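Structural description and commentary
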Amino acid sequence: MKKQEIFMIGNAHLDPAWVWSWQEGSCEAKATIRSALDRMKEFPDFKFVCSSSSVYQWIEDFDPNMFEEMKQRIAEGRFIIVGGWKVQPDCNLPSGENFARNSLYSQRYFYENFGKMAKVGYNVDSFGHNAMMPQILQKSGMKYYVYMRPMEWEKSMKDNIFTWESPDGSRVTAFRINEEYCKNFTTMEGLETYLESCTKFYNGNEFMGYYGVGNHGGGPTITNIKLIQEYNEKADGKYHLNMADPVEFFEKYEAEHDLPVLKEELQHHASGCYSAVSEVKTLLRKGETKLGEAERFGVLADLLIGKKYNKEDIQKGWENLNFLTFHDILGGCCIKSAYDNSLYMGYEAISLAEKQKNSALQTLSWTIDTTDRSHGLPIVVFNPHAFEVEEVIEINHNASSLKDAEGNDVPFINVPSEPAPVFDRDNAIFTAKVPAMGYAVYYYTQSVYFNRPMTSDAYKGKNTDPMALENGHIAVRFSANGNIQSITDKRNGKEVLSGETQAVVIDETEHDTWSHSKNYFDKEIGRFAVTKMEKIESNEIREIIKVTATYGNSTLSQYYTLNAEEDFVRVRVKLNWNEKHKMLKLAFPIACETPTSIYEIPFGALERPCNGEEEPALMWAMVGDSAGGLAILNDSKYSYSAKENVLSLTAIRSPIYCDHGRVRNEESNYTDQGVHEFTYAILPANTGEKARIFRKALLLNTPLTSVLENHHKGSLPLVLQGINVGADNIVVSAVKVSEDGTGYVVRAYECEGIATETDIQVNGLPVLKASFGAYEVKTYFLKDGEWTEVLFTEYKE
């Protein structure tokens with residue numbers, strides 16, 4: 001009788017950081033790769049899979065001779081590249097553009113060094129997988145996917161080998177690993193028990209068995225390989241064990257089976273990781289937005305005046321962020337000392353972005369013709385977005401007059417430059433209107449008066465109600481308790497809330513850092529109590545109410561700001577958090593008859609049940625229906641829950657670092673103790689307004705930038721538009737110079753589930769006539785005057 005073929009995949013799961021530093025992880029990479037190469041000398045049939053370009057780059061750097069040996073084995077097909085990314089990332093929290101850059105830099109690295117790219121996506125330990133992953137994988141050059149979590153007891157599935165389809169219709173063949181990603185069997189009985197377990201798990205079909213020593217590296221042992229050989233020599237063995245490449249398995253399985261189709265995300269595992277260790281989440285978001293901003297302004301300077309931006313620094317910044325997305329680092333479940341040096345990569349990425357951005361903006365502003373002295377000193381306001389922005393900005397000079405580029409008066413107010421006035425410096429605030437991915441010049445005359453007191457006439461607006469914020473778009477009223485009790489959407493006159501907002505404290509003593517097996521945070525033990533509420537600013541441009549509240553040893557200060565021309569409330573938060581094993585949720589009860597919750601995910605948005613389960617999201621989430629609702633936007637948070645009609649933003653949680661619930665004592669280090677600052681926003685919206693919500697969230701995360709200039713000659717006009725996108729539901733993710741330097745790249749996606757054809761015009765480039773399916777992301781490459789669709793890698797295939 002013919003034996004059933006089983007594909008044995010030799011691997012070593014190497015966490016670059018976890019209960020060790022990334023430096024130790026890089027050291028272990030040397031030993032792991034050396035071991036795998038040695039096994040190849042000893043066992044001619046042995047094959048080894050290795051993910052993560054960071055591992056290959058470390059070997060290239062540390063031991064060029066070993067790197068050359070890797071090249072030889074890769075050419076032979078025995079050392080197998082999988083993964084296609086810098087690390088095995090968290091697959092919920094990075095932005096879509098972060099995934100695209102992970103593919104761009106890592107897959108190109110593999111191709112340039114080894115002549116081949118990864119065909120198999122490989123995230124065996126990542127804590128859940130967003131619904132857009134099939135599209136992301138396909139457009140990264142990978143048509144197969146190997147994962148393990150969520151496991152059977154977290155998400156029961158009839159079939160563990162299946163076709164996985166994303167909302168746009170993209171498909172990959174997915175394989176869920178049984179038991180563990182590195183099975184270290186040391187006896188024949190252990191191997192046979194494992195094979196029988198897998199046979200049951202995969203319904204009697206062929207499967208891949210993942211073996212070796214892992215987490216801190218290691219790889220297949222001599223004992224592992226000899227046991228496989230001995231098993232194949234047994235006359236009574238049921239299987240033939242083939243040490244293989246995963247692609248061999250996938251190709252054979254697809255040819256012989258009709259696969260079921262799964263059209264949903266793969267969740268949940270370790271939902272506490274959506275909010276653990278705030279600093280790494282903040283660095284990720286700031287790095288992503290700032291690198292994208294710097295690159296767009298770099299392209300603008302390139303097209304307008306021929307100034308080339310430093311692509312190498314942009315790549316270095318993105319690769320730092322790609323490394324920071326490693327699932328244990330970004331998931332907040334490393335030991336504290338591992339963060340003490342990993343976080344530097346995030347700060348370096350932000351620094352590189354800021355330097356590139358400043359270089360582009362200073363050069364552009366210096367090239368604008370600002371010779372007209374009749375209106376005062378020039379201010380150049382830049383907009384990084386692919387849509388026009390009207391926003392309140394603050395310049396670090398006080399003013400006695402302010403005009404636009406045509407000499408028209410612009411309302412302005414002088415305000416203190418800091419919460420406590422700074423000598424010789426007030427700030428002027430005004431509403432700037434700036435074209436898409438462009439700039440506009442304003443003029444100001446500096447005032448001779450400094451440090452105007454808050455009681456001056458300049459601060460007296462029409463709304464003197466200390467308990468309310470109101471403009472032509474929205475009205476917000478606070479209760480005597482200091483909570484918001486009413487929000488009126490003036491577009492339709494409807495009340496948005498069904499009750500007062502609350503700052504709710506959750507007990508999570510029973511949760512570890514990951515929150516293993518616990519996906520609900522609903523054990524309320526208290527609420528912040530308001531101690532002071534005051535309207536600290538009210539004028540024709542904006543109103544601000546400050547609310548201070550306390551709980552236990554913690555203080556929460558929220559600055560609710562309503563700008564005159566905006567239809568949402570910005571809330572700047574300063575939180576001094578000194579609680580342990582507790583979580584803070586900001587809860588919003590929403591008036592809607594049939595509540596639906598929608599969350600931003602990479603390159604799109606996804607509807608989920610309003611069942612109270614903790615859910616990952618990027619810049620926004622909402623609860624509502626077709627008639628109305630509320631979106632909560634944020635600049636650095638990733639965790640929400642929606643219970644019926646109540647949407648809650650998870651602001652902070654404080655488990656012990658890397659706590660599996662095994663050892664807790666007085667010496668334990670608790671996460672997120674001390675002062676934290678972040679911003680969120682409250683936007684009335686219905687479920688059919690995803691494009692509008694996307695734009696407001698992008699604006700919250702990346703505000704306008706101003707440059708205080710001088711009078712000088714120049715070739716550029718006073719107002720300039722850098723891009724025009726013909727459809728509101730198309731979100732531009734990247735505008736960049738191609739990696740080979742021969743052209744330009746535009747990446748965009750459709751965000752509302754509507755197939756769309758539109759023109760995208762970048763100033764100085766031919767019109768791009770783009771076509772998008774529902775929820776589809778596309779990358780277009782302009783070369784030799786023609787736009788062509790390419791993969792994230794900027795290769796056609």
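As shown above, the structure is provided for reference.
Since the structure is predicted, the reported quantities are computational estimates derived from the model, not experimental observations. Chains are numbered independently. Their residues run from 1 in the order of the written sequence. At least 70 in pLDDT is required for a residue's local features to be given in this predicted model, at least 80 for side-chain atom pairs to be given and counted, and no such filter applies to totals for whole chains, interfaces and linings, which use all residues. With hydrogens and water set aside, each side-chain value is computed from the structure's full complement of heavy atoms.

**Let's talk about the overall build of the protein chain**
For the protein chain, the helix and strand inventory stands at 13 helices and 44 strands. In this setup the radius of gyration rests on C-alpha atoms only. A globule is expected at 2.2 Å times the number of residues raised to 0.38. Over its C-alpha atoms the protein chain spans a radius of gyration of 28 Å, differing by no more than 12% from the 28 Å that the globule rule assigns to 797 residues. If one aligns the C-alpha atoms of the protein chain with their principal axes, the spans along those axes are about 95 × 60 × 50 Å. Each of the 797 residues in the protein chain was classed as buried or not, and the buried ones make up 64%. Should any heavy atoms of two residues lie within 4.5 Å, those residues are considered in contact. Counting contacts in the protein chain only where the partners sit at least 6 residues apart, residues at least 24 apart contribute 72% of the total. Per-residue and other accessible areas were derived by the Shrake-Rupley procedure at a 1.4 Å probe size, with only the shown protein chains allowed to occlude residues. Element-wise, carbon and sulfur atoms account for 47% of the exposed surface of the protein chain, whose accessible area totals about 29000 Å². His residues and chain termini do not enter the charge count, which takes Lys and Arg as positive and Asp and Glu as negative. In this description, the location of a charge corresponds to atom NZ of lysine, CZ of arginine, CG of aspartate or CD of glutamate. Taken together, the 82 basic and 112 acidic charged side chains of the protein chain have centroids lying 1 Å from each other. Only DSSP runs of H or I covering at least 4 residues are called helices, and only runs of E covering at least 2 are called strands; the numbering of each starts at the N terminus. To sort residues, take the accessible area from a 1.4 Å probe on protein chains only and compare it with the maximum for the residue type: under 20% means buried, over 50% means exposed, and anything in between is partly exposed.

**Points about the packing of aromatic side chains**
Side-chain rings of Phe, Tyr and Trp (the six-membered ring for Trp) are treated as a pair once their centres are within 6.5 Å; stacked means planes under 30 degrees apart, edge-to-face means over 60, and tilted covers the remaining angles. Summed over the entire model, instances satisfying the criterion amount to 43 aromatic pairs. Here the aromatic rings of Phe-7 and Phe-249 are separated by 5.5 Å at their centres, their planes lie at 70°, and the arrangement is edge-to-face. With a gap of 242 residues between them, Phe-7 in strand E1 (residues 4-11) and Phe-249 in helix H8 (residues 246-256) connect regions that are remote in the sequence. The same class applies to Phe-7 and to Phe-249, which are both buried.

**A closer look at the environment of Lys-535**
Relative to the assigned elements, Lys-535 resides in strand E23 (residues 529-538). As for Lys-535 and Met-467, which are separated by 68 residues in sequence, their C-alpha atoms are 7.7 Å apart. In the analysis that follows, any N or O atom pair within 3.5 Å is treated as a polar contact, provided that within protein one partner can donate a hydrogen and the other can accept it, and provided that, for residues neighboring in sequence, both atoms belong to side chains. Within the structure, the side chain of Lys-535 is placed 2.8 Å from the backbone oxygen of Asp-465, a separation counted as a polar contact. One polar contact links Lys-535 to Glu-543, side chain to side chain, over a distance of 2.7 Å.

**Thoughts on helix H4 (residues 96-114)**
Helix length check: H4, at 19 residues, gives a terminal C-alpha distance of 27 Å against a target of 27 Å (1.5 Å per residue), a fit within 8%. For H4, a buried count of 16 out of 19 residues is recorded, marking the element as mostly surrounded by other parts of the structure. In the segment just after H4, Gly-115 is the residue with positive phi, at about 75°. Helix span is expected to be 1.5 Å times the residue number reduced by one.

**Quick word on the side chain of Thr-548**
In this structure, Thr-548 sits in strand E24 (residues 542-551). Other than its neighbours up to four places away in sequence, Thr-548 contacts Ala-529, Val-530, Thr-531, Lys-532, Thr-555, Leu-556 and Ser-557.

**Topic: empty space enclosed by the protein**
Computed over the protein atoms alone on a 1 Å grid, cavities are sets of points where a 1.4 Å probe fits but cannot get out and pockets are open sets with protein on both sides within 12 Å along at least five of seven lines; a residue lines them when it has an atom within 4 Å of a point. Grid points are joined across faces, edges and corners, and a volume is the space filled by probe spheres set on the points. Evaluation of the coordinates by the stated rule reveals 6 cavities of 30 Å³ or more. Lining the largest cavity are 31 residues, with Arg-296, Met-619, Leu-698, Val-732 and Ser-733 positioned closest to its centre. Mapped onto the lining of the largest cavity, the elements with two or more residues apiece are H4, helix H9 (278-305), helix H13 (690-701) and strand E39 (730-737). Residue contributions to the lining of the largest cavity peak at 6 residues, all from H9. Note on residue categories: nonpolar means Ala, Val, Leu, Ile, Met, Phe, Trp, Tyr, Cys or Pro, charged means Asp, Glu, Lys or Arg, and polar means any other residue, Gly included. Per-class residue counts for the lining of the largest cavity are 15 nonpolar, 8 polar and 8 charged. Space inside the second largest cavity adds up to approximately 150 Å³. Taken together, 17 residues line the second largest cavity, and the ones lying closest to its centre are Asn-483, Gln-502, Ala-503, Gln-558 and Tyr-560. Breaking the lining of the second largest cavity down by element, the ones donating at least two residues are strand E21 (502-507), E24, strand E25 (554-563) and strand E27 (582-589).

**Let's talk about the sheet that holds strand E19 (residues 484-489)**
Here, strands pair whenever DSSP counts at least two bridges between them. Pairing is antiparallel in the open sheet, where 4 strands are placed in the order E17-E18-E19-E20. The open sheet has two free edges, formed respectively by strand E17 (468-470) and strand E20 (494-495), since each of these has just one partner strand. Where strand E18 (residues 474-478) lies against E19, 5 bridges are found, and the strand directions are antiparallel. Counterpart to Val-476 in the pairing with E19 is Ile-487.

**Digging into the side chain of Thr-702**
With respect to the element layout, Thr-702 can be found in the loop between H13 and strand E36 (705-708). Of the residues examined, Thr-702 reaches a relative accessible area of 9% and is grouped as buried. If near-sequence neighbours (up to four positions away) are discounted, Thr-702 is found in contact with Thr-289, Glu-293, Pro-384 and His-385.

**Quick word on the sheet that holds strand E35 (residues 674-684)**
What the 9 strands build is an open sheet, ordered E23-E24-E25-E26-E35-E32-E31-E28-E29; its pairing is antiparallel. Of all strands in the sheet, those bounded by a partner on one side alone are E23 and strand E29 (604-608). Along the sheet, successive strands turn relative to each other by an average axial angle of 20°, direction set aside. Judged from the 8 bridges that link them, E23 and E24 form a sheet pairing that is antiparallel. Note on E24: the bridge partner recorded for Val-530 is Ala-549. Under this scheme, a helix contributes an axis fitted over its contacting stretch, all axes are lines through C-alpha atoms, and angles between N-to-C directions fall in the 0 to 180 degree range.

Note that all results are geometric; they support no functional claim without further evidence.
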